[in-house]
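# A closer look at the structure
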Amino acid sequence: MSDVQNVAQQAAIERAAAEAGASTDFSQFAGSSLPFGNGQVLLDQSTGAPIAFVNEDNPNRHYLLDDSVSWHTSDQYWGSGYVVTTSGGSQWNTPQVYGITNGLEQQTFALCGAGLALDVTRSSGERLTERYEWRNVSNQPVTITGLGIQTPLNDRYPGARKSLRECVHAHIFAGGDWSWVLAEPMDGRGARLGLIVTEGAINAYAIQSRNQVTYSDIRGHIVLQVTDYALNPDAFGGQPTITLEPGASYALTWELGWYADEDAFLAATIAPASFSSLSATVGGHIDIATNRAVTALDDGLTVERTVSGVRLTAEQAGTYQLQLVDGDHRAHTEVLFHKTLRDTVNDRARYILEHQVAYERVGALAGAIVATDTRTGQHVLDPSWDDWSDGSERIAMPVLLQRALNLGLLDESLREPAQRAADAWRTFAESALIDASGAVRRGSGLPESKFGGRIYDCPWIISFFTEHYLATKDAHDLDMAVNIADRAAEIGGEHFLSIEFAESSAALARVLKQTGRTEETQRLLDRVVVSADYFLGLGIDLPYHEVSYEQSITAPLVSLLLEAHRITGRAEYLDGAVERLDWLLAFSGPQPDSRLYGVAIRHWDGYWFGINRQFGDVFPHYWSTLTAEVLARLPQERRSARTDDLAKAIFEANMANYGADGSATCAYVFPSNVDGRSMHQADPLANDQDWHLNIWMRMIAEEGFSAL
């Protein structure tokens, strides 16, 4: 057996020993690995490709995918990649030359079809330095139009326990020469692995291996792209081409290091600019402190010089790409200018009333509010596809109408039609979605056997009936809400982390108490406490929901514990919430981009909810506001300017999902391409995104969280 084979075998032994509680002896990897900081990179026996990054303080953490994952093979090992040129395309995986001497690894790849050769070096130190240099070895100019490197970070959800103990969230900022990636442990603790570009540029990123086989529990293979001009020339503000004369070369260098926390990593990136904010209301401004020249890449963004940099303003709502230039150094990002919350709610209410109410249907079904293709105005209803039904997540729209009315946010011209639509939706829901037991089905077109009930839907429809009661004072609404809550408990609601369970229970309990229905009030509050006890007892062994582990499991868990603390005053609930808050915040990255900053990773909703049926990172996704909701509900002594600012940034980021006419998108699929399909675009379906506005309005009404 070769030395490198011994290393691969020893790596497996080390992991097994670490899981058993044994110590890790990294000296055994000497010669077949490269040390950096308090850890090292283990190398493949035949190619020299990195197959694991190991930190000695956290040896159980798998920062990279490994061969135990069926859809990950040597074709996607770290440092493999592809290039597209005017001479042709080529991939690299196995080097023609490979060796390690005195802490320096060298690889050479022949990219014959592209007219290039690639030299890769990796050098040890406090940081691991990787340098990729593409050389034109032909006798004519070669223009590079596509260039990507595999970085298979272990961003997937193999269940809560394994995710929290072993996996990482990959926070990616493809900002030109200001680019970095932060691999953050999913429990929010221990060493972060950070990648910082120091030479060259990353102008986009792609996702591979995202399909109906890998499904919803994995992020996919992450490909960092110098350029994606060949597939998506307009992505990320525009993709460059790189022309190399014979004998010329292009180099990309990055450093990998271990960081104790997010702040330490961000300090190491040496950012060329700082932003007063990444989003602002139209009529407001964003200040950028920078020595670089700032150029708007989109029409409508005004850039004015200031003493310390520039001030950005815009007269129209939208996201705007901008470039920061200093000589040959070019960085790019985007900012958002949006309407006020009141104006956006009115835009959405008007659009819903004009385009999303199913007026064409007969009888009570005409009260449904449904998904709509914003390109054509056509209603999208399909009982065979639950996420296009006339129930479930579409409940967001009647809740929006009724809550906005109750808070006095709607213009006078909208108030009467909005209340009529809410009343009609109540009739529709009672006749087509809810049975006598209080069970809720996902859509009117689904068979009666589905009346067992979807637990997720119960808090949402309870919120509607609670809001409707506040408008009408009809006790029947409270009867319906209580009946649904009781049925949810019967089918396992206390052992399920329903989104908004804690909030909807608390809101209904307040109304019931005000009307003298004390027994029902106490029953609701007791269920919150029983559920909190159950999940505290589980620790990290959270059950499977519709996804094995995700931010919209963790956020309802923290909210549940916060509500149990409010009800009982017992410290163990607050302590449990604060501990799990680290899990929740780990989903959110600090990228200086208005679509990304603070927005939790979610990468499957474009497939389930969009008309394009496309997997891939969705930024911003409206359930990211569940993190903002948790931060807004923290006890005053646990809140800070930082938590409030983060909540505000998340709420603002999601304003990118609404059009000027009140249309909307359920999914902006962010990567430049996913499995070779051009993305970085909004799905045209207005479907379920209004939960963002509902949660923001709830936080204003119930928590006093400021509005814009």
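A brief structural summary. (Residues numbered from 1 in each chain as written. Predicted model: local features only at pLDDT ≥ 70, side-chain atom pairs only at ≥ 80, totals over all residues. Heavy atoms only, no water.)

A few words now on helix 11 (residues 551–568). The end-to-end C-alpha separation of helix 11 is 26 Å, in line with the 26 Å expected for 18 residues at 1.5 Å each. With 15 of 18 residues buried, helix 11 lies mostly within the body of the structure. Gly569 occupies a position one or two residues after helix 11 and carries a positive phi of about 75 degrees. (Helix = DSSP H or I, 4+ residues; strand = E, 2+ residues; numbered from the N terminus. Expected span 1.5 Å × (residues − 1). Buried < 20%, exposed > 50% of the residue type's maximum accessible area, 1.4 Å probe, protein only.)

Across the interface, helix 12 (residues 571–586) lies against helix 14 (residues 625–633) with an axial gap of 10 Å and an inter-helix angle of 150 degrees. Relative to helix 14, helix 12 is oriented so that their crossing is left-handed. Facing helix 12, whose interface residues are Leu581, Leu584 and Leu585, helix 14 presents Thr627, Val630 and Leu631. Tallied by class, residues from the contact of helix 12 with helix 14 come to five nonpolar, one polar and no charged. (Axes fitted to C-alpha atoms, helices over the stretch in contact; angles between N-to-C directions. Left-handed = near helix turned anticlockwise from the far one by under 90°. Contact = heavy atoms within 4.5 Å. Nonpolar A, V, L, I, M, F, W, Y, C, P; charged D, E, K, R; others polar.)

The subject of this paragraph is the nonpolar core. One finds Phe53, Trp134 and Trp254 to be the most contacted residues of the largest nonpolar core, which totals 184 residues. Listed in part, the 24 residues of the second largest apolar core include Leu182, Ile286, Leu322 and Val335. (Core = buried A, V, L, I, M, F, W, Y, C linked by side-chain atoms within 4.5 Å.)

With 13 residues, helix 16 (residues 691–703) extends 17 Å between its outermost C-alpha atoms, agreeing within 8% with the 18 Å of an ideal straight helix rising 1.5 Å per residue. All buried positions along helix 16 are accounted for by Trp691, His692, Leu693, Asn694, Ile695, Trp696, Met697, Arg698 and Met699. Those residues of helix 16 hidden inside the fold are in contact with helix 4 (341–356), helix 5 (396–406), helix 7 (457–472), helix 9 (501–514), helix 14 and helix 15 (641–653). Note on helix 16: the residue one or two positions beyond its end, Gly704, has a positive phi of about 70 degrees.

Here the focus is the pattern of salt bridges. Applying the stated criterion to the full structure yields 53 salt bridges. The partner of Glu184 in a salt bridge is Arg192, and the shortest N-O contact between them spans 3.2 Å. The partner of Glu563 in a salt bridge is Arg633, with the nearest N and O atoms 2.3 Å apart. In this pair, Glu563 is assigned in helix 11 and Arg633 in helix 14, connecting sequence segments 70 residues apart. For the residue pair Glu563 and Arg633, the accessibility class agrees, reading buried in each case. Several salt bridges converge on common partners, so that one network encompasses Asp386, Asp387, Glu393, Arg442, Arg454, Asp457 and Glu546. (Salt bridge = Lys/Arg side-chain N within 4 Å of Asp/Glu carboxyl O.)

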